[in-house]
Amino acid sequence: MKVSAKVLDSLLTEAARAHPRECCGILLGEGAAITAIVPAANVHAAPLTHFEINPQALVDAHREARSGGPQVLGYYHSHPNGLARPSATDEAMATGQGLIWAIIAAGRVTFWREGDARFAALPYEACPR
């Protein structure tokens, strides 16, 4: 998988800006390349420990994808607790559709593919902006 350096920088910035709350948003791109993010409001009632992407942001991103825009490849959120891996809550929220999840924690970004039962770590290559 490829991720632009600009996306990686943006993910780290979003997590720092939201801290101590969890940030969240949508990963956009084509095929195996993440080229952009759409930051979204975390509308969960407990944003210090959970996230819920604003439903309107999801509707808008999918609508734009159907109109020829970049595809929705997955989602991102931060773990202010510093654990850069999916939590039990993340596993319970996974759809099993093979989406990519980015988790930002402790100044780094990890990527995961959701499966039927668990998440699998995704190696990635940072590409020029």
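Structure first, text after, so check above.
I will try to describe carefully the structure that is included in this document. (Residues numbered from 1 in each chain as written. Predicted model: local features only at pLDDT ≥ 70, side-chain atom pairs only at ≥ 80, totals over all residues. Heavy atoms only, no water.)

### Some thoughts on unusual backbone geometry
The phi angle of most residues is negative, glycine excepted, and most peptide bonds adopt the trans form.
Stage number 1. With omega at 15°, the peptide bond leading from histidine 19 into proline 20 counts as cis.
Stage number 2. For proline 20, the position within the fold is in the loop between α1 (5-18) and β2 (24-30).
Stage number 3. For alanine 106, which is not a glycine, the phi torsion comes out positive at approximately 50°.
Stage number 4. Examined against the element boundaries, alanine 106 turns out to sit in the loop between β5 (100-105) and β6 (108-114). (Helix = DSSP H or I, 4+ residues; strand = E, 2+ residues; numbered from the N terminus.)

### Topic: the pairing of β5
Stage number 1. Extensive coverage of β5 is indicated by the burial of six of its six residues.
Stage number 2. Of the two faces of β5, the one holding Ile100, Ala102 and Ile104 and the one holding Trp101, Ile103 and Ala105 are both buried throughout.
Stage number 3. Pairing between strand β4 (residues 71-78) and β5: five bridges, direction parallel. Residue glycine 74 lies in a different strand from β5, and its bridge partner there is isoleucine 100.
Stage number 4. With helix α3 (residues 88-93) bridging β4 and its parallel neighbour β5, the resulting β-α-β unit is right-handed. (Buried < 20%, exposed > 50% of the residue type's maximum accessible area, 1.4 Å probe, protein only. Pairing = 2+ DSSP bridges. Right-handed = clockwise from strand over helix to strand, strands pointing away.)

### A few points about the packing of aromatic side chains
Stage number 1. Per the counting criterion, the structure on display carries three aromatic pairs.
Stage number 2. Consider the rings of phenylalanine 51 and tryptophan 101, whose centres lie 6.0 Å apart with planes at 80°: the pair is edge-to-face. Of this pair, phenylalanine 51 sits in the loop between β3 (33-40) and α2 (55-66) while tryptophan 101 sits in strand β5; the two residues are 50 residues apart in sequence, bridging distant segments of the chain. Of the two residues, phenylalanine 51 and tryptophan 101, neither departs from the other in class, the shared state being buried.
Stage number 3. For the ring pair phenylalanine 111 and tyrosine 124, a centre distance of 4.7 Å and an interplane angle of 75° mean the geometry is edge-to-face. Taken together, the residues phenylalanine 111 in strand β6 and tyrosine 124 in the loop between β7 (119-122) and β8 (125-127) connect sequence positions 13 residues apart.
Stage number 4. Judged by relative accessible area, which is 2%, phenylalanine 111 ranks as buried. (Phe/Tyr/Trp six-rings, centres within 6.5 Å; stacked < 30°, edge-to-face > 60°.)

### Some points on the environment of proline 39
Stage number 1. Residue placement: proline 39 occurs in strand β3.
Stage number 2. For the pair formed by proline 39 and leucine 27, sequence separation is twelve residues and the distance between their alpha carbons is 8.9 Å.

### Quick notes on the nonpolar core
Stage number 1. Among the nonpolar cores identified, the biggest contains 18 residues, and Leu11, Ile34, Tyr76 and Phe111 are the most heavily contacted of them.
Stage number 2. Elements supplying a minimum of two residues to this core: α1, β3, β4, β5 and β6.
Stage number 3. Those residues in contact with phenylalanine 111, other than ones at most four positions away along the chain, are Met1, Val3, Leu8, Leu11, Ile34, Ile100, Trp101, Ala102, Ala120, Ala121, Leu122 and Tyr124.
Stage number 4. Formed by 15 residues, the second largest nonpolar core is a distinct cluster that contains Leu28, Ala40, Ile53 and Leu99. (Core = buried A, V, L, I, M, F, W, Y, C linked by side-chain atoms within 4.5 Å. Contact = heavy atoms within 4.5 Å.)

### So, α1
Stage number 1. In this model α1 runs 20 Å from its N-terminal to its C-terminal C-alpha over 14 residues, within 8% of the 20 Å that 1.5 Å per residue would give.
Stage number 2. Residues of α1 that are buried in the fold lie against β1 (2-4), β3, β4, β5, β6 and β8. (Expected span 1.5 Å × (residues − 1).)

### Here we look at the side chain of glutamate 14
Stage number 1. Along the chain, the position of glutamate 14 falls in helix α1.
Stage number 2. What makes glutamate 14 buried here is its relative accessible area of 17%.

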